[in-house]
Amino acid sequence: MSATRLRYTVLMEQNEDGGYTVTVPSLPGCISEGSTWEEALAHIEEAISGYIEVAKKLGKPIPVEVSVPLNTSNAGI
């Protein structure tokens, strides 16, 4: 059985009180947080793995990447 590596876009938002919240638009309900950028990324990687594992156990299809429009009006771009 060959392993497939899936890639997902994550959206990271800095919280007003510090830390980061991360969501995965292609995986509804897949959300995590971290005190630092690196911690938030590590946590969302775990959340993505868990999401896919549960979907497989339930016999549900594994979602593929979807395009998400980005709002860059507040990003200083």
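Conventions and cut-offs
Residues numbered from 1 in each chain as written. Predicted model: local features only at pLDDT ≥ 70, side-chain atom pairs only at ≥ 80, totals over all residues. Heavy atoms only, no water. Helix = DSSP H or I, 4+ residues; strand = E, 2+ residues; numbered from the N terminus. Buried < 20%, exposed > 50% of the residue type's maximum accessible area, 1.4 Å probe, protein only. Contact = heavy atoms within 4.5 Å. Salt bridge = Lys/Arg side-chain N within 4 Å of Asp/Glu carboxyl O. Pairing = 2+ DSSP bridges.

## Concerning the overall build of the protein chain
Stage number 1. Of the regular secondary structure elements, the protein chain holds one helix and three strands.
Stage number 2. Traced from its N-terminal end to its C-terminal end, the protein chain shows the element sequence β-β-β-α.
Stage number 3. Burial statistics for the protein chain: of 77 residues in total, 21% are counted as buried.
Stage number 4. Expressed as a percentage of contacts within the protein chain between residues at least 6 apart in sequence, the contacts between residues at least 24 apart total 30%.

## Overview of the pattern of salt bridges
Stage number 1. Inspection of the entire model under this criterion finds one salt bridge.
Stage number 2. Its salt-bridge partner being Glu53, residue Lys57 comes within 3.3 Å of it at the nearest N-O pair. Of the two residues, Lys57 and Glu53 are both situated in helix α1 (residues 37-57); the distance of four residues between them amounts to about one turn of the helix.
Stage number 3. A residue is classified by how much of its surface remains accessible, and Lys57, at 66% relative accessible area, is exposed.
Stage number 4. Classification of Glu53 as partly exposed rests on a relative accessible area of 43%.

## Focus on the pairing of strand β1 (residues 11-14)
Stage number 1. Two strands pair when backbone bridges link them, and β1 and strand β2 (residues 20-23) are joined in this way by four bridges, in the antiparallel orientation. In the sheet register, Leu11 faces β2, and the bridge partner there is Thr23.

## Considering the environment of Ala55
Stage number 1. Mapped onto the fold, Ala55 is located in helix α1.
Stage number 2. Among the residues examined, Ala55 registers a relative accessible area of 8% and is labelled buried.

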